[in-house]
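# Architecture and fold: a report
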Amino acid sequence: LWDTYYGDMSEDFQRSHSSTTDAPIQCTLKSINYYLESMGQSVDKYDIPQIKQQPLQTEPRECREIIEEMSVKVPAEDVAAQSKLNQEQAEAYNTILQRVNSETPGLFFVDGPGGTGKTFLYRALLGKVRSEGMIALASATSGVAAAILPGGRTAHSRFAIPLQADETTMKNMSKQGGGAKLIRQAKLIIWDETPMAKRHIIETVDRNFRDIMDSDIPLGGKVMVFGGDFRQVLPVVPKSTRAETVNASLVKSYLWPLMEKIQLSTNMRARADTSFSNFLLRVGNGEETTIKDNLIALAEQMIVQQTQHGNPEENLIREIFPDLQQNYRSTDYITERIILASRNEFVDNLNEILIGKFPGETKTYISFDSAEDDTNNYYQEEYLNTLTPNGLPPHRLVLKENAPIMLLRTLDPSNGLCNGTRLICRGFDKNIIHAEITTGQYATKQVFIPRIQLSPPENEGYPFKFIRKQFPIRLCFAMTKNRAQGQTIPNVGLYLPQHVFSHGQLYVALSRGISMATTKVLVMTEKPERYKGTYTRNIVYKEVLGEI
Ligand SMILES: Nc1ncnc2c1ncn2[C@@H]1O[C@H](COP(=O)(O)OP(=O)(O)OP(=O)(O)O)[C@@H](O)[C@H]1O
């Protein structure tokens, strides 16, 4: 890639440094390194020319990590948030800030059901600490949750966590490097969505912080705020049993009893509809009355009625995307609604119906698929085209201008392009798609998405290395429930052709919404005999919640 694209990548630098041959190379390498570092990588890991060390300067230059952190802007709304905190949030805010100001260790876990304002609290804290000239680090388990926090990074890139961390993983960050210096200087560190991370990962960070801080105190004695909601998605352990999932959870870590628990309980998202927020809490805690097999009743107001004729999906689509033909150009209309389903095949089907209804000219991008090391040509391209492994875009990507899409890879986290970021298509070129970010702090930012090579995760179980060259995006009128975690979406449709099958799925989906009136559920499973009303399954691993 370096040899092929050096000419293009260095064009600007060649113009401004025409007198030397080395300067354009060094500038190009530094510019590539800038992007690699934001993804926890660096040029020295690749077999290309290397960045030369600068001759010693009289004034020692601050490292990139600290310069970058000190330049994170504090949004005015985060400063304003400090005066809007509800009583529970204000108590949490004061307790945490007291530790920051007195420079005493603090190991907290902010627990609160979806919508209780955990993110709101983090943003108020980050705003306060940063506006006083101190360093506060924001991280989250997923890219989307990280992108909601100003200066947020995924915990993996922020703490340089190896992909395969386990009980024995020790050092992941050099003690002398910029990352370690940043940790030492940080007065506050936030890690949102911790319940989604495997405990081994958090324990690896603990070992590393102790090493960096030369301290035996948990997390090196930093003021560390973990937070999240165990009622929502737990760590994903492929093909695991319930006991294995529970064992991978933070509640089973030696760190858990050491954390000071802070509880938030007022649902700020659905504060205008208390019967909805109380219902959500009962669903999340597994306290909603069941009739049998974990079946719970849903309020009639939320049910999408099925007519005898026609597609049931059509009724759900009409409820969530009313008057699509008149509203499709409105960014607010598109971002304020979503249909959630549990499986990719359901999501694909709904997206296909909706893009068909969406006004405008169709643009289709066909992927180029190949199987690496398939010297005998066992796997024909036509066969590869039919595969759509988890997390990969389809072979035929059908789009329209103004249609909603979701990014499937982290391309540039410092500019809001994370795995899971929602966008709207604005224009199409042969090898580039012009889009606008619609979620998080980068909303309204115009970006370009390139066509890239993608492979499924190794545990997808293909006997060959599958490579698809395609734009790393999917349509996003509908998406899987787990992807919606952390987001507030005013009009939520829930598509249930079958019952949910794992912990927290029903709750994550329902708790994205703000009221019963704007949350619609299409239940297509058989009605239980002798019971009136509509029922669906709610699965809650109470053994995890019991530890809180
Ligand atoms: N004190 C507050 N005043 C006004 N609005 C608030 C307050 N706290 C939270 N909100 C609003 O309530 C909604 C939900 O808050 P937030 O996203 O912070 O909840 P959360 O606990 O992080 O939810 P989830 O677990 O689903 O990610 C947001 O729209 C947020 O702006």
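About the cut-offs
- Residues numbered from 1 in each chain as written.
- Predicted model: local features only at pLDDT ≥ 70, side-chain atom pairs only at ≥ 80, totals over all residues.
- Heavy atoms only, no water.
- Near = heavy atom within 4 Å.
- Polar contact = N/O pair within 3.5 Å; in protein donor to acceptor, adjacent residues only side chain to side chain.
- Areas by Shrake-Rupley, 256 points an atom, 1.4 Å probe, with all protein chains shown as cover.
- 1 Å grid on protein atoms, 1.4 Å probe; cavity = no way out; pocket = protein on both sides within 12 Å on 5 of 7 lines; lining within 4 Å.
- Sits in = over half its atoms within 2 Å of the grid points.
- Helix = DSSP H or I, 4+ residues; strand = E, 2+ residues; numbered from the N terminus.
- Core = buried A, V, L, I, M, F, W, Y, C linked by side-chain atoms within 4.5 Å.
- Buried < 20%, exposed > 50% of the residue type's maximum accessible area, 1.4 Å probe, protein only.
- Contact = heavy atoms within 4.5 Å.
- pLDDT = per-residue confidence, 0-100.
- Pairing = 2+ DSSP bridges.
- Axes fitted to C-alpha atoms, helices over the stretch in contact; angles between N-to-C directions.

Gln-89, Gly-115, Lys-118, Thr-119 and Arg-512 are the nearest of the 19 residues found near the ligand. Within the side chain of Lys-118, an N or O atom sits 2.8 Å from an oxygen atom of the ligand. Arg-269 places a side-chain nitrogen or oxygen 3.0 Å from an oxygen atom of the ligand. Within the complex, the protein chains bury 82% of what would otherwise be the 640 Å² of accessible surface of the ligand. Cavity membership is defined here by more than half of the atoms lying within 2 Å of grid points; on that basis the ligand lies in the second largest pocket. Take the shell around the ligand: its biggest share by element is 3 residues, from helix α7 (residues 118–131).

Turning next to the nonpolar core. Among the nonpolar cores identified, the biggest contains 42 residues, and Ile-339, Leu-399, Ile-405, Leu-423, Ile-449 and Ile-473 are the most heavily contacted of them. Broken down by element, this core gets its largest block of residues, 6 residues, from helix α17 (residues 344–357). Setting aside anything within four residues of it in sequence, one finds Leu-399 in contact with Ile-355, Glu-361, Thr-362, Lys-363, Tyr-365, Ile-405, Cys-425, Phe-428, Ile-433, Ile-473 and Leu-475.

Overall, the prediction assigns the chain a mean pLDDT of 90, with 95% of residues at 70 or greater. If you check the scores for this complex, the pTM reads 0.84 and the ipTM reads 0.99.

Overall, antiparallel pairing links the 5 strands, which are arranged β15-β14-β13-β12-β18 in an open sheet. Only two strands of the sheet have a single neighbouring strand rather than two, namely β15 (446–450) and β18 (473–475). When the angles between neighbouring strand axes are averaged without regard to direction, this sheet yields 45 degrees.

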